[in-house]
Every structure is written in C-alpha cells, then in structure tokens.
There are 2 protein chains.
Amino acid sequence: MTTGGRGLHGHVLETLGPAITAGDYPPGSVLRTDELAQRFEVSRSVMREAVRVLESMYLVESRRRVGVTVRPKSEWNVYDPQVIRWRLAGADRPHQLRSLTVLRSAIEPVAAGLAARHATAEQCAELTECALGMVATSRGHQLEGYLVHDVAFHRVILKASGNEMFARLGDVVAEVLSGRTHHDVMFEDPDPAAVTLHVQLAEAVREGDAARAERLTREITAGALQELDVLAP
Amino acid sequence: MTTGGRGLHGHVLETLGPAITAGDYPPGSVLRTDELAQRFEVSRSVMREAVRVLESMYLVESRRRVGVTVRPKSEWNVYDPQVIRWRLAGADRPHQLRSLTVLRSAIEPVAAGLAARHATAEQCAELTECALGMVATSRGHQLEGYLVHDVAFHRVILKASGNEMFARLGDVVAEVLSGRTHHDVMFEDPDPAAVTLHVQLAEAVREGDAARAERLTREITAGALQELDVLAP
DNA sequence: GAAACGCATTAGGTACGATGAATACAAGAG
DNA sequence: CTCTTGTATTCATCGTACCTAATGCGTTTC
C-alpha cells in the first residue's frame, strides 16, 4: 500500500512475495538466484538483497549448493506487515482474514481495558470524536467516511493501551476493517448496535471503567466474528 | 538462538541490530553504508544486504543523498523474532518482558478456549504428558526440566488453537518463560498453584470445556503478570 | 525575497571474477 | 556387500570496480 516497489529489489519482492505466500511454490521448492535474476531482469546483487529480505521473513532459506528453498507455511513470520498484505491480496484471503479477526478478538478487549486505565485526556477526546464521527456517517451510504472513523477509533484504543505490541497492531486492524468494506460484502449501512457499542466504549474509557471497556470490546469483536461466519462457512 | 550469524551479513546484523534496538543510535541518526562497511570490514554488497534486512524490520530507512536513518521506536516491527531477541538481550529487557507478558495474557486464554474445541486426541495426550512432567519436576530444584515441560505445554495449547497467528507465538512464550528461569529471580520451586492450574487446564481441554479452559488460562497469565509486578515496579 | 539552477554527495544498480561450502557420486578398504 | 573416503560439481557467497540516479543544499538570478 504505502511501500511501493521502492528500488528494484522492492519490485522483485512485490512479485515473488505474493507468489510464495500464495503457494505457487510449494514448500521445499528450490529457486536459484541467477535464474531468478534472469527472470526478473535484474542483477544478482539485487536478487540477493531480495532473497535476504525473504529470508528474514522466514519465507525461504538460502543454502549453498542447494539454492533458495521455500519454507513450510508454518514457519513464515505471519506478523510481518508485508506478509500480511501479500496474503490478504492472495487466494487464502478469507482464511487470513479469519485468523486476523480472531487475533483482534483476543487483543482488543485487553487493550481496551488497559486503555481505560492509561488513556490521556487527549486520547479520550480523540476517542469520543471518532465515535461521534461514526455516528454521523452510520447512515446514508457513507461507508468510506465511516471506515475512516472506525479505523481511527481502534487505532487510538490500541495506542492508548500503552503496550507497544498492541499499538503496532493498528495497521492490521486497519487492513481488516478496510477489507471488510472494500472487498467483502458489506451491508449498506453499518450495524446500529455496533455504533452504539463504540460510543459506549468511548464513555467507559473516559470514565476509566476497565471492566466495562473490556466487556464492550468483547461484544464488538464477537460481532465481527459473527459477521465473518455469515460471509464464509 | 538458532539463527547464528549465518553469513557475513548475519554477523553484521547481530552487532548492528542490538545496537539499534538498544537505542545506541537515537531516532533520526544517519549511518552511511560505506562507513559501516569499513567499520565492519565487509564489502558494500554485504552491508547493503544487512541494510535491506534492517529496512524490512522497519528499524531503518534508506534514502539517497541522506543515508540510512534510524526510525523511531514506534515504527519498529516488534513482532519480528530477531527484534524480540535483540531487545530481550538489551537494556530495556524488563520493559520488553512486560509487553510480551501482557500480550500472552491477551492471547493465551483465547487460544486455550479454541484449543478446547479443536484439539486432536493426540494433542490432548501431549498436553497431559506435559502437565505430568511439570508435576514431576515441580519439586527439588529441577527448574530446567520444569521449564522444558512448561514451554512444551504452552506450545501445544497455542498450536492446538488452530490459529496460525497464535501458533507462531510459541517462540515468544518460550523466550519469556526461559527468561524467567534463567535471567530473572526465580523462586526455588515453581508455585504449586500454577502447576495445579496447568493440570486442570489439560483436563478442561481434553473434556472440550472451552469456558473453563479460558478461565484457567486467565488465572495462569494473571499469575505471570503478578510475578512480574513483584520483580519490577 | 523567492524561485531557478548546478553541484556535491550518497544510495542504487550492474558486471564479473574469485572463493568456499555442501552435496552427489565414485572409488577404495574392510 | 557395506561403509568410509576422496573428488568433482554446483551453487551461494563475497569482493571489486565502475556507472547511474536522485536529492539536499548552496548559489545565482530575477
């Protein structure tokens, strides 16, 4: 999205990465760097840089006399933003979306509880602002506007939790929410119940009610999971 | 741990990575590839490979005419196993350990609930075996043996959840648990209550009692958090 | 004072040669 | 016939030299 193919090696990655994560090369497949270099019409140096990056993502393993072998899916670093994007763009998008939504359902309630304890006044203000924005755009086919506020809302919650690991999941949530409105079938207007929950959550965080914030977020993420069950078996 | 400095660029990473994550180079610092290549006595090609990897970890940004600039901590990919290891080895180890433990407290209960639903008979057997091993090594200064079984136990839970994102956190949990016994002050013998909880959790998963499994895991992770509060203010 | 320009600087890219390590395979010893 | 040992192949790995491209910054120009 943001990281376009910056540099030649980036361009190579944007083709090789999705191909590997899509399973075009089954685990154990061997790729040779010079062959790849020829195929992508780049120098070996550039290809080596690309391979190094793929290696750091645990997608491949480079060994002498053997070549670049594709690692089994279970070893991939599925938390790498690049890998997440590639997989979301590929064939097993539904599967990936479910994994991420389950992850959300685990993280966000705890994050909301922490946010209720640690959120600054400014963050509380941001939160209510986002919630109001969601209310304002919840009717009349303003899906794009709603999405912006929804993403911003969850970003603030995750950041306000004070946990860097949680905060870093903002992009993932953004990707999931964005995917819901763009790729998948989205109801014409968001569920009014969900909007209400967000407003209440902003309240709970403002009042420092951690238990309520956690419970409300559980309802929100449960809704997201339910939504997913309706779309995919 | 496993990824020793394989290759020259790996060796460079093992020095530069920890230095950056330790904050030796404040955000915005500029490093020039030529200078680095000289310092580490490697060729530019090798240094460029190292920079590419650091770039893919969002630790640095490489721009023409400027150099390699260190990114602010908030942009680092804190889920990268390498980055986690580097930070755990560095100065802000306590902070990192807390973040990871909070992450555990969010993930593992949900994972345990899913495991109760999806665990195979074989995984249930492994679980009880691990629990028995924990019981057997819970007394008499057998900390190393206890650790092995503890790590294995949580690995099985995470894997049995059926969620690939959860399964991938096995290494993180292993690192946290290992750190507790090795680096930090560990009571001579593990808390008997914790051992009992693990046994009960294995039961709950075997019986498919998701709610109980989740509740028990919450108690376990709450204990881990409490333990951390005792050690660090 | 602001906009346009040119230069120095630094990453980016290519090509080619040399090195080294792991594997496959063959030859030898028991 | 089996196990060990030696050898050749093959691929990644590393280094060097040279060129290109972009861009920050100082200078000039209007």
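Scroll up for the structure.
Residues numbered from 1 in each chain as written. Chains lettered and ligands numbered in written order. Predicted model: local features only at pLDDT ≥ 70, side-chain atom pairs only at ≥ 80, totals over all residues.

Trainee: Help me understand the overall build of chain A in this model?
Mentor: Each helix and strand counted, chain A has 11 helices and three strands in total. Across chain A, helices and strands are ordered from the amino to the carboxyl terminus as α-β-α-α-β-β-α-α-α-α-α-α-α-α. Dimensions along the principal axes, computed over C-alpha positions, put chain A at roughly 65 × 35 × 30 Å. In chain A, buried positions account for 42% of the 233 residues. Within chain A, contacts between residues separated by at least 24 positions form 67% of all contacts whose residues are at least 6 apart in sequence. (Helix = DSSP H or I, 4+ residues; strand = E, 2+ residues; numbered from the N terminus. Buried ≥ 20, exposed ≤ 12 C-beta atoms within 10 Å, placed from the backbone. Contact = placed C-beta atoms within 7 Å.)

Trainee: What is the right way to look at the nonpolar core in this model?
Mentor: Soluble globular proteins tend to bury their nonpolar side chains together. Counting 129 residues, the largest nonpolar core has A:Ala115, A:Val205, B:Ala115 and B:Val205 as its most contacted members. Apart from residues lying up to four places away in sequence, B:Ala115 is in contact with B:Ile157, B:Ala160, B:Ser161, B:Val205 and B:Ala213. (Core = buried A, V, L, I, M, F, W, Y, C linked by C-beta atoms within 7 Å.)

Trainee: How should I be thinking about the protein's contact with DNA strand C in this particular structure?
Mentor: In the vicinity of DNA strand C, 20 residues are found, and the nearest of them are A:Leu8, A:Ser43, A:Ser45, A:Arg65 and B:Arg32. When residues of the surface near DNA strand C are traced back to their parent elements, those giving at least two are α1 (8-21) and α3 (44-56) of chain A together with α2 (33-40) and β3 (67-70) of chain B. Residue contributions to the surface near DNA strand C peak at three residues, all from α3(A). Across the surface near DNA strand C, the residue classes break down as five nonpolar, seven polar and eight charged. (Near = placed C-beta within 6 Å. Nonpolar A, V, L, I, M, F, W, Y, C, P; charged D, E, K, R; others polar.)

Trainee: Would you explain the sheet that holds β3(B) in this entry?
Mentor: Backbone hydrogen bonds are what pair the strands of a sheet, in a parallel or an antiparallel way. Residues and elements named next belong to chain B. Strand order in the open sheet made by the three strands is β1-β3-β2, with antiparallel pairing throughout. This sheet does not close on itself; its edge strands, each paired only once, are β1 (30-31) and β2 (60-63). Of the strands in this sheet, β2 and β3 are in contact with helix α3 (residues 44-56), which crosses β2 at around 125°. (Pairing = 2+ DSSP bridges. Axes fitted to C-alpha atoms, helices over the stretch in contact; angles between N-to-C directions.)

Trainee: Where do I start with the relation of the copies chain B and chain A in this structure?
Mentor: Both copies of the chain are related by one operation, a rotation about an axis with a shift along it. Mapping chain B onto chain A calls for a screw motion: a turn of 180° about the axis and a shift of 0.0 Å along it, with 0.1 Å RMSD after fitting. Both copies are brought into coincidence by an operation consistent with a two-fold rotation axis. (Least-squares fit on C-alpha atoms with pLDDT ≥ 70 in both.)

Trainee: How should I be thinking about the sheet that holds strand β3 (residues 67-70) of chain A in this particular structure?
Mentor: Residues and elements named next belong to chain A. Strand order in the open sheet formed by three strands is β1-β3-β2, and the pairing between neighbours is antiparallel. Edge positions in the open sheet fall to β1 (30-31) and β2 (60-63), since each of these has one partner strand only. Alignment of β2 against β3, held across four bridges, turns out to be antiparallel. Note on β3: the bridge partner recorded for Ser 62 is Val 68.

Trainee: Looking at this model, I keep getting lost on the protein's contact with DNA strand D. Mind explaining?
Mentor: Close contacts around DNA strand D come from 19 residues, with A:Arg32, B:Gly7, B:Leu8, B:Ser43 and B:Arg65 the closest. Mapped onto the surface near DNA strand D, the elements with two or more residues apiece are α2 (33-40) and β3 of chain A together with α1 (8-21) and α3 of chain B. The element that contributes the greatest number of residues to the surface near DNA strand D is α3(B), accounting for three residues. For the surface near DNA strand D, the class distribution of residues is five nonpolar, seven polar and seven charged.

Trainee: Whenever I open this one, the pairing of β3(B) confuses me. Can you help?
Mentor: Along any regular strand, the residues point their side chains to alternate faces of the sheet. By the bridge criterion, two bridges tie β1(B) to β3(B) in an arrangement that is antiparallel. Each bridged residue has a counterpart across the sheet, and for B:Leu31 the counterpart in β3(B) is B:Val68.

Trainee: Is there a simple way to explain helix α10 (residues 192-207) of chain A in this structure?
Mentor: Note: α-helices contain 3.6 residues per turn, so residues at a spacing of three or four share the same orientation. In this model, α10(A) (16 residues) spans 23 Å end to end at C-alpha, consistent with the 22 Å of a helix rising 1.5 Å per residue. When α10(A) is considered as a whole, its buried residues turn out to be A:Val195, A:His198, A:Leu201, A:Ala202, A:Ala204 and A:Val205. (Expected span 1.5 Å × (residues − 1).)

Trainee: For this particular structure, what's the right way to read the interface of chain B and chain A?
Mentor: Interface size is commonly expressed as the accessible area that is lost once the parts come together. At the junction of the two partners, chain B supplies 24 residues and chain A supplies 23 residues. Elements represented by at least two residues in the side of chain B that touches chain A include exactly α3, α5 (93-118) and α8 (164-167) of chain B. Looking at which element gives the most residues to the side of chain B that touches chain A, the answer is α5(B), with seven residues. Considering only residue class, the side of chain B that touches chain A consists of 11 nonpolar, seven polar and six charged.

Trainee: What should I look at first to understand the environment of B:Ala125 in this one?
Mentor: Structurally, B:Ala125 is set in helix α6 (residues 121-136). Along the primary structure B:Ala125 and B:Ala202 are separated by 77 residues, whereas in three dimensions their C-alpha atoms are 8.9 Å apart.

Trainee: Honestly, the environment of A:Ala160 in this entry has me stumped. Any pointers?
Mentor: Residues and elements named next belong to chain A. With respect to the helices and strands, the residue Ala 160 is situated in helix α7 (residues 143-160). In this structure, the C-alpha to C-alpha distance between Ala 160 and Pro 18, residues 142 residues apart in sequence, is 33 Å. Residues within four places of Ala 160 in sequence aside, it is in contact with Ala 115, His 118, Ala 119 and Gln 123.

Trainee: Teacher, can you tell me more about the packing of α2(B) against α3(B) here?
Mentor: Packed helix pairs are characterised by how far apart their axes lie and by the angle those axes make with each other. Residues and elements named next belong to chain B. Direction vectors running N to C along α2 and α3 enclose 110°, while the axes themselves pass 9 Å from each other. With respect to their mutual orientation, α2 and α3 come out roughly perpendicular. Helix-helix and strand crossings are classified by hand; for α2 and α3 the assignment is right-handed. On α3, the residues that touch Thr 33, Asp 34, Leu 36, Ala 37 and Phe 40 of α2 are Arg 44, Met 47, Arg 48 and Val 51. Considering only residue class, the contact of α2 with α3 consists of five nonpolar, one polar and three charged. (Parallel < 35°, antiparallel > 145°, perpendicular 65-115°, else oblique. Left-handed = near helix turned anticlockwise from the far one by under 90°.)

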